[in-house]
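What follows is the residue order along each chain.
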Amino acid sequence: MLNHVNELASQPAPPPPRRIRRFLHQLGPAGPMALIATFLPALGAIVLIAVARDLAPWLKSHGLPALLLFILAFAILGGFALVPTYANSLLAGWTFGFPIGFPAVLLGLLGAAAISYTFARRVAGHRVEDLIHQHPKWELVKNALIGQGAIRTIWIVMLLRLSPLLPFETTSVLLAATGTPPLPFMVGTAIGVIPRTAAIVFVASRAHHLDFHQANSRWFLAAGLLASALGAVIIAAISKHALDRATTPD
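By convention here, each chain's residues receive numbers from 1 onward along its written sequence. Confidence filtering applies because this is a predicted model: local features only for residues at pLDDT of at least 70, side-chain atom pairs given and counted only at 80 or more, and all residues used for totals across whole chains, interfaces and linings. Hydrogens are left out, water is left out, and the side-chain values use all remaining heavy atoms of the structure.

K.L.:
Now, about the nonpolar core: what can you tell me, with residues and values included?
P.N.:
Counting 37 residues, the largest nonpolar core has F70 and L91 as its most contacted members. Secondary-structure elements contributing two or more residues to this core are α3 (30–61), α4 (63–79), α5 (85–96), α6 (98–124), α10 (168–177) and α11 (182–206). Sort the elements by how many residues they give to this core and α6 lands first, with 9 residues. Excluding anything up to four places from it in sequence, L91 contacts L48, A52, L55, A56, L59, F70 and L210. Counting 10 residues, the second largest nonpolar core, distinct from the first, contains V141, A144, M158 and I238. We define a nonpolar core as any set of buried Ala, Val, Leu, Ile, Met, Phe, Trp, Tyr and Cys residues linked to one another through side-chain atoms lying within 4.5 Å. Partly exposed residues are those whose accessible area sits between 20% and 50% of the maximum for their type, while under 20% is buried and over 50% is exposed, using a 1.4 Å probe and protein chains only. Helix and strand definitions follow DSSP, with helices as H or I runs of at least four residues and strands as E runs of at least two, each counted in order from the N terminus. In what follows, residue pairs with any heavy atoms lying within 4.5 Å of each other are defined as contacts.

Below, the structure written as structure tokens:
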């Protein structure tokens, strides 16, 4: 492995424009999917904000069928990156209260994650994994993060989910495209989304009016930045350790 890494490192690199074109071609549909998953939910948020004040009373007045419909809609809209998960969480907290809204949001999030994962795997296939395989250093990092057993993978997925900087939908696409196993993906997702989701639903449940800016308050932002920094440091340390082990002679 060390000789292979050093041989590739000594080869002259092609010009940047050519490298970019080749990289995008090798990436296939995974790149556009990640971009769509990042920016499309913002448009869905605008629609949800416009209808939420009429939608919430209807959901409240229709009991269990409305709750089940909300969970299903959450899963579908979140799974296809049509509405941001934080907006659905605020709506659930304000409409159903915390005791009902929180488990409803968790079910919706897990459904959204499963749909996004399945769709991304079908569309992107193994192209991203094949691309990583062509770059030994990338493959070393990938194996160090998600190739060392289910517990390690769950931990990494949890760290990524704790950060609000990378949207839920984008994270799902990236994890699916890089070959994260489905069970650790779902378990890590369930654990990682709990803190922020619980906070958003709880705040919305205590609000006097529905405010979609609550999820961007200073406390949420500060906690999110702290979680992002912690996760980035841990992931970077694991990646560096893997590269150091591979490039250091025995």
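K.L.:
Can you break down the environment of L145 residue by residue, with the values?
P.N.:
In this structure, L145 sits in helix α8 (residues 136–146). With near-sequence residues (within four places) excluded, L145 lies in contact with R152, T153, I156, I235, I238 and S239.

K.L.:
An account of the packing of α4 against α5 is needed here, citing residue identities and associated values.
P.N.:
For any two helices packed against each other, one specifies the inter-axial angle together with the distance between the axes. Only the stretch in contact is used when a helix axis is fitted, and all axes are lines through C-alpha atoms; the angle between N-to-C directions ranges over 0 to 180 degrees. Two elements in contact, α4 and α5, have axes whose closest approach is 11 Å; the angle formed by their N-to-C orientations is 170°. The pairing of α4 with α5 is recorded here as roughly antiparallel in orientation. Along the contact surface, α4 presents L67, F70 and F74, while α5 presents T85, N88, S89, L91, A92 and F96. Residues of the contact of α4 with α5, tallied by class, amount to 6 nonpolar, 3 polar and no charged. Each angle is binned into one of four classes, with values under 35 degrees roughly parallel, values over 145 roughly antiparallel, values of 65 to 115 roughly perpendicular, and all other values oblique. Residue type decides the class: Asp, Glu, Lys and Arg count as charged, Ala, Val, Leu, Ile, Met, Phe, Trp, Tyr, Cys and Pro as nonpolar, and the leftover types, Gly among them, as polar.

K.L.:
Just give me the short version of a nonpolar patch on the surface, but keep the residues and values in it.
P.N.:
Taken together, the side chains of L72, I76, L77, F80, L82, F119 and V123 define a hydrophobic patch exposed on the protein surface, amounting to about 560 Å² of accessible area. Elements represented by at least two residues in the nonpolar patch include exactly α4 and α6. It is α4 that contributes the most residues to the nonpolar patch, 3 residues altogether. Relative to the helices and strands, L72 resides in helix α4. In this scheme, patches are assembled from residues that exceed 30% relative accessible area and form no salt bridge. Like charges are connected within 9 Å, while nonpolar side chains (Val, Leu, Ile, Met, Phe, Trp, Tyr) are connected within 5 Å. Only the protein chains shown count as cover for residues, and all accessible areas are computed by the Shrake-Rupley method using a 1.4 Å probe. Salt bridges are counted wherever a side-chain nitrogen of Lys or Arg sits within 4 Å of a carboxyl oxygen of Asp or Glu.

K.L.:
An account of the packing of aromatic side chains is requested, with residue identities and associated values reported.
P.N.:
Between the rings of Phe, Tyr and Trp (Trp by its six-membered ring), a pair exists once the centres lie within 6.5 Å; its type follows the angle of the planes, with under 30 degrees stacked, over 60 edge-to-face, and the other angles tilted. Tallying each qualifying case throughout the model produces 6 aromatic pairs. Ring plane angle 85° and centroid distance 5.8 Å describe the contact between F70 and F74, whose orientation is recorded as edge-to-face. In this pair, F70 and F74 are both assigned in helix α4, 4 residues apart and thus about one turn of the helix distant. One exposure class covers both F70 and F74, and it is buried. Look at F98 and F202: their rings are 5.9 Å apart centre to centre, the planes differ by 80°, and that puts the pair in the edge-to-face class. You can see F98 sitting in helix α6 and its partner F202 sitting in helix α11, a full 104 residues away along the chain. Residue classification places F98 among the partly exposed positions, given a relative accessible area of 29%. Given the relative accessible area of 37%, F202 is considered partly exposed. Grouped by ring-pair contacts, the aromatic residues F70, F74 and F96 constitute a single cluster. Ring-over charges, as used throughout, are those where CZ of Arg or NZ of Lys falls within 6 Å of the ring centre and within 35 degrees of the ring normal. Of note, R161 hangs over the ring of F168, and the distance from its end group to the ring centre comes to 4.2 Å.

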